[in-house]
Amino acid sequence: MTVRARRLRRLLVLLPSAAIGGAERHTATLALALAEAGVEVIVAAEPDLLPGLAPLFHPLATVAAPIGWREAEGLDANAARQARAAAALVPHHAPDAALLPLPWPSHGLGLQGALAEAHLPGLAIIHLAPREPVPVPAALLRPALAAPLAWAAVSAPVAGRVEALFGLAPGQVAVVPNGVAAPAEDPARRAAQRRARRAALGLGPAAPLVLFAGRLEEKKGADLLPALAERLEESSGATLVALGEGPLAPSLAAHPAARLGGPLRLGGLADDVGDWLLAADALVLPSRLEGCPLIALEAAARRCPVAATAAALECWGKMADSLAFVSETQSILGLTSHVSVILGKALYTTGRIDAAEAYATRHGMREMLNRYSVLLRGLVAGHGRYG
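(A) Looking closely at the overall build of the chain. Counting its secondary structure elements, the chain contains 15 helices and 15 strands. Taken over C-alpha atoms, the radius of gyration comes to 22 Å for the chain, in line with the 21 Å a tight globule of 387 residues would show. Dimensions of the chain, computed from the C-alpha atoms along their principal axes, are close to 75 × 40 × 40 Å. Burial analysis of the chain (387 residues in total) assigns 52% to the buried set. Here the contacts in the chain between residues at least 6 apart in sequence split such that 73% fall between residues at least 24 apart.

(B) Spotlight on the sheet that holds strand 14 (residues 325-327). Spatial strand order, 11-10-9-12-13-14: six strands in an open sheet with parallel pairing. Pairing within the sheet leaves two strands with one partner each, and these edge strands are strand 11 (264-268) and strand 14. Direction aside, the axes of adjacent strands within the sheet are offset by 25 degrees on average. Bridge count between strand 13 (residues 306-309) and strand 14: three bridges; the pairing is parallel. Counted as the bridge partner of threonine 309 is serine 327 from strand 14. Against the sheet, helix 11 (residues 294-301) makes contact with strand 9 (209-213), strand 12 (282-285) and strand 13, and its axis sits at roughly 165 degrees relative to strand 12, the strand it touches most.

(C) Expanded view of the nonpolar core. One finds Leu11, Leu283, Leu285, Leu313, Trp316 and Tyr372 to be the most contacted residues of the largest nonpolar core, which totals 67 residues. Residues contacting leucine 285, with those up to four places away along its chain left out, are Ile295, Ala296, Val306, Ala307, Ala308, Thr309, Ala312 and Leu313. Of all hydrophobic cores here, the second largest spans 39 residues; its members include Ala86, Trp151, Ala159 and Phe166.

What counts and how
- Residues numbered from 1 in each chain as written.
- Predicted model: local features only at pLDDT ≥ 70, side-chain atom pairs only at ≥ 80, totals over all residues.
- Heavy atoms only, no water.
- Helix = DSSP H or I, 4+ residues; strand = E, 2+ residues; numbered from the N terminus.
- Rg over C-alpha atoms; globule rule 2.2 N^0.38 Å.
- Buried < 20%, exposed > 50% of the residue type's maximum accessible area, 1.4 Å probe, protein only.
- Contact = heavy atoms within 4.5 Å.
- Pairing = 2+ DSSP bridges.
- Axes fitted to C-alpha atoms, helices over the stretch in contact; angles between N-to-C directions.
- Core = buried A, V, L, I, M, F, W, Y, C linked by side-chain atoms within 4.5 Å.

Rendered as structure tokens:
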């Protein structure tokens, strides 16, 4: 009997997301790149998410399946529902492998169990992990860990936490940092965007403009936006534009800082964040927990300086201070002081901008996609079939 190497011809993406954010956009980038390389990709996700996901994944096939992790349900109920749904999807689509993009380490337990039952290889990509591990019952952990999985995480801290949570060997979770496509510098476009965005906000052409982009939730520090906006207006006359949606949107909209003409402008979801970064004087990231924030890389690639918490840029490790202006805590004063330095155009601001741009270029999208492709193809090839 001989073992025949398999090839990656068809990939089933099992997306357990409950909302659309950076993890989902990252998944779309990877799925589209694999499709362009000749892999047939099928994306399964919660029915309610498909209208928002379809434009991101177009022209890939998307199918509705009850596999999202629902916070209102317990671990057992979520895992059982996921396992049932995945057990039906796998034989129907007959993939060579599965991709599990996990916004949270435990959100694919049922999917992993189904892959174990089907003996289907998969790649789990972890985007975010808590600093204090939440124990998973052994009854759920055993079948989940039986799946023929390769593991990856978007940063070294996330990888270490996942290894601790699941009892994996050190180094078993590969680190594949996020990467973005760096656009060519276009001074005319930058100048046009700076004028147009300020005019749309009713601001003068030289008015200071600071940007936040992300889900409006506490993990992202969105609850701090009104105080940040008021302090920025007081200290430097700046306006803070917040792009995104999330559970904090109603309370933010009701805050006096978000009044008509106020210092906080809520822009909702935007598909032109790159142009906002060209227009902004700075990006602010007040996050309490991050994996490897795409928005920071997008800013770096567009030479938009970043003021962030240490938690937001944990993925950059000791390099963070040379690439951005870092506050050790979620301090309103610390973050606004950094933004004031950026707006003052101190000489060392340019040094950070140059270093961040070089980093984003060096660790770009092509490198990220190549590493994921190698992981997936190696996983499938190593999962031989007998004949």
